[in-house]
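Descriptive structure summary
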Amino acid sequence: VSVKGVMPTSSGCAVFLGNKVKTFVIYVDQGIGEAIQHAVDNVQADRPMTHDLMLTILDGLGAEVERIVINHVDGGTFFARLILSMENELGHKIIELDARPSDSIVMALGSTKPIYVAQTVIDSVDDMTEILAKILEQGSWIYDVPTRANHSWATMDRARTYAGCDDVAFYASF
């Protein structure tokens with residue numbers, strides 16, 4: 001899958017992930033949402049951020065991110081596996097770590113590695129493709145987002161995207 005967009009909300013950020021068939025949303029803290037957007041836009045901070053530091057440490061140890069897999073969702077909480085690859089004098093080693101999807105996404109984007117989602121997760125999440133399309137039809141919204149009361153988008157309640165937010169900004173990268 002790819003990151004289709006990052007939308008700040010009143011309680012953090014909505015990260016739209018998807019492929020040609022389905023788009024879904026995970027909710028993250030504002031800081032990690034900004035980190036994901038910076039990684040999508042390939043924005044480099046003046047000083048290394050936490051995820052940059054983690055990638056530098058991996059590189060120094062001769063390891064790299066191979067891929068991430070969002071492998072489970074339970075009650076709206078997503079789980080992921082961060083797959084690392086390492087080669088040294090002892091041979092090739094694959095390491096699989098439990099990780100937050102948000103951190104994993106930033107690391108995958110920062111190292112240009114793939115983001116995968118288990119079919120069981122895809123099957124269990126709501127499809128937000130139409131909602132994202134409606135958002136994009138409105139154009140890039142920067143502090144000019146109509147409130148939920150102005151819309152007939154009852155499904156936005158499921159997305160929690162407009163839960164009382166009058167000042168939501170939307171960033172999309174394609």
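If you're wondering where the values come from, they're calculated on a predicted model, not measured in any experiment.

Moving on, we come to the sheet that holds strand β6 (residues 91-99). Taken in spatial order, the four strands of this open sheet run β6-β5-β4-β7, and their pairing is mixed. What marks the edges here is a single partner per strand, and that holds for β6 and β7 (115-117). Within the sheet, the average angular offset between the axes of one strand and its neighbour, ignoring direction, is 20°. Docked against the sheet, helix α3 (residues 101-110) engages β4 (63-74), β5 (77-88), β6 and β7, running at close to 150° with respect to β4.

As a further point, take the side chain of Ser111. Here Ser111 is to be found in the loop between α3 and β7. At 2.7 Å, the side chain of Ser111 forms a polar contact with the backbone oxygen of Met107.

One finds Leu17, Phe24, Ile26, Ile70, Phe78, Ile105 and Val121 to be the most contacted residues of the largest nonpolar core, which totals 33 residues. At five residues, the largest contribution of residues to this core is made by β4. Setting aside anything within four residues of it in sequence, one finds Ile26 in contact with Cys13, Ala14, Val15, Leu17, Phe78, Pro101 and Ile105. With eight residues, the next largest nonpolar core counts Ala14, Phe16, Val25 and Met128 among its residues.

So, about the pattern of salt bridges. On inspection of all chains with the given rule, the structure shows four salt bridges. Put simply, Glu96 and Arg81 hold a salt bridge, and the shortest N to O gap is 3.1 Å. On the criterion of sequence distance, the pair formed by Glu96 in strand β6 and Arg81 in strand β5 is long-range, its members being 15 residues apart. As a salt-bridge pair, Asp103 and Arg100 come within 2.9 Å of each other at their nearest N and O atoms.

Our focus in this paragraph is the pairing of β5. For β4 and β5, the ladder comprises ten bridges, and the chain directions are antiparallel. Across the sheet, Ile68 pairs through a bridge with Leu82, a residue of β5. Examined bridge by bridge, β5 and β6 share nine bridges and lie antiparallel to one another. Bridge pairing in β6 links Ala80 to Ala99. Linking β5 back to β6 in an antiparallel pair, the connection comprises two residues.

Contact geometry for helix α1 (residues 30-41) and α3: axes closest at 9 Å, N-to-C directions at 20°. Classed by the angle they form, the pair α1 and α3 counts as roughly parallel. Where α1 crosses over α3, the two elements pack in a sense that is left-handed. For the pair formed by α1 and α3, the contact residues are Ile32, Ala35, Ile36, Ala39 and Val40 on the first element and Ser102, Asp103, Ile105, Val106 and Leu109 on the second. Looking at the contact of α1 with α3 residue by residue, the class counts come to eight nonpolar, one polar and one charged.

Bringing the packing of aromatic side chains into the picture now. As enumerated under the stated definition, the model contains one aromatic pair in all. Seen from their ring centres, Phe24 and Phe78 are 5.8 Å apart, and the 25° between their planes marks the pair as stacked. In this pair, Phe24 is assigned in strand β3 (residues 23-28) and Phe78 in strand β5, connecting sequence segments 54 residues apart. As far as burial versus exposure is concerned, Phe24 and Phe78 are alike and both buried.

Calculation criteria
Residues numbered from 1 in each chain as written. Predicted model: local features only at pLDDT ≥ 70, side-chain atom pairs only at ≥ 80, totals over all residues. Heavy atoms only, no water. Pairing = 2+ DSSP bridges. Helix = DSSP H or I, 4+ residues; strand = E, 2+ residues; numbered from the N terminus. Axes fitted to C-alpha atoms, helices over the stretch in contact; angles between N-to-C directions. Contact = heavy atoms within 4.5 Å. Polar contact = N/O pair within 3.5 Å; in protein donor to acceptor, adjacent residues only side chain to side chain. Core = buried A, V, L, I, M, F, W, Y, C linked by side-chain atoms within 4.5 Å. Buried < 20%, exposed > 50% of the residue type's maximum accessible area, 1.4 Å probe, protein only. Salt bridge = Lys/Arg side-chain N within 4 Å of Asp/Glu carboxyl O. Parallel < 35°, antiparallel > 145°, perpendicular 65-115°, else oblique. Left-handed = near helix turned anticlockwise from the far one by under 90°. Nonpolar A, V, L, I, M, F, W, Y, C, P; charged D, E, K, R; others polar. Phe/Tyr/Trp six-rings, centres within 6.5 Å; stacked < 30°, edge-to-face > 60°.

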